[in-house]
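Spelled out from the first residue to the last, the chains are:
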Amino acid sequence: MTARPPVPVGRYLLFKSLKKGGMARVFLGLDPEVPGRLVAVKTLLPKLAGQKLHREMFQSEGKVGVRLVHPNIVRTLDHGVSDGTAFIAMEFIFGFDLSTVLRRLRKEARRIPIPLAVSLARQVADALAYAHELSDEFGQPLDIVNRDVSPGNIMVGFDGRVTLIDFGIAQTTIDVKSQIGSIKGKISYMAPEQVRGLPVDHRCDLFSLGTVLYEMLTGVQVFHDEGDFATMERVRRAEAPPPSTENAHIDAALDAICARAMTREVVDRYPAARAMKRDLDAWLAGHAEAHEPEALAAFVRSLFDRQIDEMRSDIEAARQVALGEAPGDPSDTAPSARRPPRLISEDTLAEMAGHGRDADREPEASPPPPPPRPGRAPRWAFAALGLAAVAAFATWWALR
Ligand SMILES: Nc1ncnc2c1ncn2[C@@H]1O[C@H](COP(=O)(O)OP(=O)(O)O)[C@@H](O)[C@H]1O
Ligand SMILES: [Mg+2]
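The shown structure was predicted, so the numbers you read here are calculated from the model rather than taken from an experiment. (Residues numbered from 1 in each chain as written. Chains lettered and ligands numbered in written order. Predicted model: local features only at pLDDT ≥ 70, side-chain atom pairs only at ≥ 80, totals over all residues.)

1. Some remarks on the overall build of the protein chain
The secondary structure content of the protein chain amounts to 14 helices and nine strands. Across the 400 residues that make up the protein chain, the buried fraction comes to 41%. Taking the intrachain contacts of the protein chain between residues at least 6 apart in sequence as the baseline, contacts between residues at least 24 apart amount to 70%. (Helix = DSSP H or I, 4+ residues; strand = E, 2+ residues; numbered from the N terminus. Buried ≥ 20, exposed ≤ 12 C-beta atoms within 10 Å, placed from the backbone. Contact = placed C-beta atoms within 7 Å.)

2. Here's the deal with the packing of helix 6 (residues 203-218) against helix 8 (residues 252-261)
Viewed as axis vectors pointing N to C, helix 6 and helix 8 meet at an angle of 145°, and their least axial separation amounts to 8 Å. In this structure, helix 6 crosses over helix 8, and the sense of that crossing is left-handed. From helix 6, L206, F207, L209, G210, L213, Y214 and L217 reach across to helix 8, where they touch L254, C258 and A261. Split into classes, the residues belonging to the contact of helix 6 with helix 8 amount to nine nonpolar, one polar and no charged. (Axes fitted to C-alpha atoms, helices over the stretch in contact; angles between N-to-C directions. Left-handed = near helix turned anticlockwise from the far one by under 90°. Nonpolar A, V, L, I, M, F, W, Y, C, P; charged D, E, K, R; others polar.)

3. Structural notes on the sheet that holds strand 4 (residues 38-44)
Taken together, the six strands give an open sheet; going across it, the order is 1-2-3-4-6-5, and neighbouring strands pair in antiparallel fashion. Every other strand in the sheet has two partners, leaving strand 1 (7-9) and strand 5 (76-82) as the edge strands with one partner each. Ignoring strand direction, the axes of neighbouring strands in this sheet form an average angle of 40°. (Pairing = 2+ DSSP bridges.)

4. Digging into the packing of helix 4 (residues 114-133) against helix 9 (residues 273-285)
At a closest axis distance of 8 Å, the pairing of helix 4 and helix 9 adopts a crossing angle of 155°. Between helix 4 and helix 9, the crossing angle belongs to the class labelled roughly antiparallel. Our pair here, helix 4 against helix 9, has a crossing hand that is left-handed. Within the contact between the two elements, helix 4 uses P115, V118, S119, A121, R122, A125, D126, L128, A129 and H132 and helix 9 uses A273, R274, M276, K277, L280, D281, W283 and L284. Partitioning the contact of helix 4 with helix 9 into residue classes produces 11 nonpolar, two polar and five charged. (Parallel < 35°, antiparallel > 145°, perpendicular 65-115°, else oblique.)

5. Concerning the sheet that holds strand 8 (residues 154-157)
Taken together, the three strands give an open sheet; going across it, the order is 7-8-9, and neighbouring strands pair in antiparallel fashion. Looking at which strands have only one partner, the edges of the open sheet turn out to be strand 7 (95-97) and strand 9 (162-164). The mean inter-strand angle of the sheet, taken between neighbouring strand axes irrespective of direction, is 25°. Note: strand 7 against strand 8, three bridges, orientation antiparallel. Counterpart to F96 in the pairing with strand 8 is V156.

6. As for the site of ligand 1
Close to ligand 1 lie 20 residues; K19, G21, A40, I93 and D166 are nearest. For the shell around ligand 1, the residue count by class is 10 nonpolar, five polar and five charged. (Near = placed C-beta within 6 Å.)

7. Quick notes on the nonpolar core
Core analysis: the biggest nonpolar cluster contains 94 residues, and A117, A121, V124 and L209 have the highest contact counts within it. Of all the elements, helix 4 adds the most residues to this core, at 12 residues. Looking at this core, you find at least three residues from each of domain 1 (7-92 + 304-352) and domain 2 (95-291). Not counting residues within four places of it along the chain, the set of residues in contact with L209 comprises A121, V124, A125, L128, V149 and A261. (Core = buried A, V, L, I, M, F, W, Y, C linked by C-beta atoms within 7 Å. Domains from an automatic or database assignment.)

8. Observations concerning the environment of D225
Note on placement: D225 falls in the loop between helix 6 and helix 7 (228-237). Judged by the 15 C-beta atoms lying within 10 Å of it, D225 is partly exposed. Sequence separation between D225 and S188 is 37 residues; the distance between their C-alpha atoms is 8.2 Å. Filtering out sequence-adjacent residues up to four positions away, D225 remains in contact with A230, T231 and R234.

9. A word on the pairing of strand 5
Note that strand 5 and strand 6 (residues 85-91) share six bridges and pair antiparallel. Paired with V81 across the bridge in strand 6 is A86. What sits between strand 5 and strand 6 in their antiparallel hairpin is a turn of two residues, with D83 showing a positive phi close to 50°.

10. Things to note about the pairing of strand 6
For a regular strand, the rule is simple: side chains alternate between the two faces of the sheet. In terms of burial, strand 6 is largely enclosed, as six of its seven residues are buried. Judged from the five bridges that link them, strand 4 and strand 6 form a sheet pairing that is antiparallel. When the sheet's bridge partners are listed, T43 is paired in strand 6 with F87.

11. Brief notes about helix 2 (residues 52-67)
Spanning 16 residues, helix 2 covers 23 Å between terminal C-alpha atoms, matching the ideal 22 Å at 1.5 Å per step. Within helix 2, the full set of buried residues consists of H54, M57, F58, E61, G62, V64 and G65. Where helix 2 is buried, its residues touch strand 4, helix 1 (46-49), strand 5 and strand 6. (Expected span 1.5 Å × (residues − 1).)

12. Section: unusual backbone geometry
A positive phi angle, close to 50°, is found at D143, a residue other than glycine. Mapping D143 onto the fold places it in the loop between helix 4 and strand 8. The class of D143 is exposed, set by 12 C-beta atoms lying within 10 Å.

13. What about the environment of V26?
In this fold, V26 is placed in strand 3 (residues 24-30). When the C-alpha positions of V26 and L45 are compared, they lie 9.6 Å apart, and in sequence the two are 19 residues distant. Not counting the four nearest positions on each side in its chain, V26 is found in contact with L18, K19, G21, A40 and K42.

14. Notes on the confidence of the model for the protein chain
Detailed reading of the predicted model is not advised wherever pLDDT is low. Summing up the model confidence of the protein chain, the mean pLDDT is 82 and the portion of residues at 70 or higher is 76%. Confidence drops under pLDDT 50 across residues 173-178; counting only partners more than four residues distant or on other chains, this segment forms eight contacts. A low-confidence stretch, residues 327-343 (pLDDT under 50), is modelled with 28 contacts involving residues beyond four sequence positions or located in other chains. (pLDDT = per-residue confidence, 0-100.)

Structure (structure tokens):
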């Protein structure tokens, strides 16, 4: 492992790349204000940092995130821009996102036990009910709609905790067709009205959650097809056979829950996340066995087993290197006071990405161009200004 000093972003010291998503890269960092605490710091991908739309979306994600305080939503600690790098600091969740879990299950031709899948969906429904109903300080509804409920945005902690992590497009009226590049991969979980570019409300999240539940129950990505447009066409039609046709252990009540969440017409869908959660609760009440967090924890641990210890030791090793490299006690000085902050360069990113093993990391895209540094005048401009001031002062002195 290359010893490299941690990179300061805001008050955090980033020391390991965790994962790259469609919009952002997530790093593991230390929070000098809370010694020992690991944080996940999300930074906008350099290739998107030059685009106003993406900068605004990222800023809005930070603003929405800090408002959301719920056990099934990742806790956002802080957000801002540090020397040109837009960041969102969150609690670090030691676990895998559901897409990684589902991929592993597919590889092993296994499925999540049904009560665990239902319990997981119930926890996401609870998070959505909270977010959809949230108001501001004056009681005005915030109208938060996630718009991106998909397995990549649901974390399954090794302790069995389930959290919704990404409110990246929660308050943006995004035009799906024009943004197809950056939202690629999520289309198969979108609601029909979303892919049709129609106005959406909170009920699009319920369609998406239905699709996620369907996949957990059957192992089938029901609307996925070759290419974005074929997938969009399937989503538009929203024709999904009952999950029981794919998995004989599924009962009529679960078929009905999926069907009601995944209706093409919005008016026929669950009217609210709370209604869907009630049905999932009712189902779970009749199946008391094995849907506690410990059961999910045991299941995920059984799935990844050895890898969890490897992940932990990778993180510990990288943390030790970072602490050894950080000058002084990181708890006593803000990083910005010790070392001038700098934009995370592509070289640094590549090196950090190489730290340790990230077993199920998505393939890396080709390196994006270096980001612009918005709002920062070049050094020569300051020098020229200084010279002009000296010349003006000398002229005034001579003519006085
Ligand atoms: N707080 C966190 N703790 C651990 N891993 C995280 C955390 N937040 C995100 N990740 C990982 O990073 C990936 C990308 O994060 P996400 O917020 O979904 O970014 P994007 O907006 O690019 O989709 C997630 O799928 C997950 O694997
Ligand atoms: Mg995401």
